[in-house]
Amino acid sequence: DLCGIEIDQILIESLLGQKNPIDFILKTGTILQVPDLSVEAEWSHSPLVLELYTQSFMGFPIQLGNNQKLIIYLFSDHIGNEIPADVIVNLTKKIELISLFLQKQQLINIENEELIKSAEKMVFINSVNGLDQKQIMEKLLQRLLEVIPAAQTGWIALWNEDNPKIKPVLALGYKNP
């Protein structure tokens, strides 16, 4: 329960299409501080602000990557105090550090995923090394059935363009293959 309302009852998506502080923060990349909405005419009629019963708010943008941003949006149902400029400068520096940390973390996660995929490929390559063509196809089909949980059966067929017909070569998972 936030400020007397439940956030999941609010249709924020519909409110974000209109003039709102979140859009402003994301587009400008700056901190927005409104300690008293009654003196800030620009935001006093924003549907988002009104729907959240906000009297004061503050928003912080955090850049994650080229196409991704986070926003920290703090709001209150009562009038707040203005945060001094030196505190805002300090917050901005901390947000920039957090942004760099999150971007680095995101890159590490991407690299880890790529390493896992490469390791899986190497395991498969090593498992088929020295096998004949039919054994390789069987290993491939077994692996596909393992990684695709919904698949219970599968088959591999040969297509010959000279004689346009499909010839089943291997089947797994069937009762009568």
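In this report, the structure presented in the accompanying data block is examined. Quantities reported herein were computed from a predicted structural model and do not represent experimental measurements. (Residues numbered from 1 in each chain as written. Predicted model: local features only at pLDDT ≥ 70, side-chain atom pairs only at ≥ 80, totals over all residues. Heavy atoms only, no water.)

1. Overview of the pairing of strand E4 (residues 154-160)
Logical step 1: For E4 and strand E5 (residues 165-172), the ladder comprises 7 bridges, and the chain directions are antiparallel. Bridging from a neighbouring strand, Ile156 pairs with Leu170 of E5.
Logical step 2: In textbook terms, the turn of a hairpin is the stretch between consecutive antiparallel strands, and for E4 and E5 this stretch comprises 4 residues. (Pairing = 2+ DSSP bridges. Helix = DSSP H or I, 4+ residues; strand = E, 2+ residues; numbered from the N terminus.)

2. What to know about the layout of surface pockets
Logical step 1: The space that makes up the largest pocket amounts to roughly 280 Å³.
Logical step 2: In terms of lining residues, the largest pocket is bounded by 13 residues, among which Glu120, Val123, Phe124, Arg143 and Val147 are the most central.
Logical step 3: Contributing elements (two or more residues each) for the lining of the largest pocket: helix H5 (85-128) and helix H6 (133-147).
Logical step 4: Looking at the lining of the largest pocket element by element, the count peaks at 7 residues for H6.
Logical step 5: For the lining of the largest pocket, a count of residues per class yields 5 nonpolar, 2 polar and 6 charged. (1 Å grid on protein atoms, 1.4 Å probe; cavity = no way out; pocket = protein on both sides within 12 Å on 5 of 7 lines; lining within 4 Å. Points joined across faces, edges and corners; volume = space filled by probe spheres on them. Nonpolar A, V, L, I, M, F, W, Y, C, P; charged D, E, K, R; others polar.)

3. Brief notes about the packing of aromatic side chains
Logical step 1: This model, assessed by the stated rule, comprises 3 aromatic pairs.
Logical step 2: Between Phe57 and Tyr73, the ring centres sit 5.6 Å apart and the planes meet at 40°, which makes this aromatic pair tilted. Pair noted here: Phe57 is in strand E2 (residues 56-63) and Tyr73 is in strand E3 (residues 69-76), with a separation of 16 residues, a long-range link.
Logical step 3: The exposure class assigned to Phe57 is buried, which follows from its relative accessible area of 3%.
Logical step 4: Residue Tyr73 is classed as buried on the basis of its relative accessible area of 15%. (Phe/Tyr/Trp six-rings, centres within 6.5 Å; stacked < 30°, edge-to-face > 60°. Buried < 20%, exposed > 50% of the residue type's maximum accessible area, 1.4 Å probe, protein only.)

4. Considerations on the packing of H5 against H6
Logical step 1: Close contact between H5 and H6 brings their axes to 10 Å; oriented N to C, the two are set at 145°. Crossing geometry of H5 relative to H6 is assigned as right-handed. The segment H5 lies against H6, with Glu120, Phe124, Ser127 and Val128 engaging Ile136, Lys139, Leu140 and Arg143.
Logical step 2: Tallied by class, the residues present in the contact of H5 with H6 amount to 4 nonpolar, 1 polar and 3 charged. (Axes fitted to C-alpha atoms, helices over the stretch in contact; angles between N-to-C directions. Left-handed = near helix turned anticlockwise from the far one by under 90°. Contact = heavy atoms within 4.5 Å.)

5. Brief notes about the pairing of E3
Logical step 1: Sheet topology places E2 next to E3; 8 bridges connect them, and they run antiparallel. Of the residues in E3, the one forming a bridge with Gln63 is Lys69.
Logical step 2: In sequence, E2 turns back onto E3 through a hairpin of 5 residues.

6. Here we look at the nonpolar core
Logical step 1: Counting residues in each nonpolar core, the largest one holds 11 residues, listed as Ile22, Ile25, Leu32, Val34, Leu37, Trp43, Leu48, Val49, Leu52, Phe57 and Tyr73.
Logical step 2: Counting residues per element, the ones that place at least two in this core are helix H2 (21-28), strand E1 (32-34) and helix H4 (47-51).
Logical step 3: The residues touching Leu32, leaving out its near neighbours within four places in the chain, are Pro21, Phe24, Ile25, Trp43, Phe57, Met58 and Gly59. (Core = buried A, V, L, I, M, F, W, Y, C linked by side-chain atoms within 4.5 Å.)

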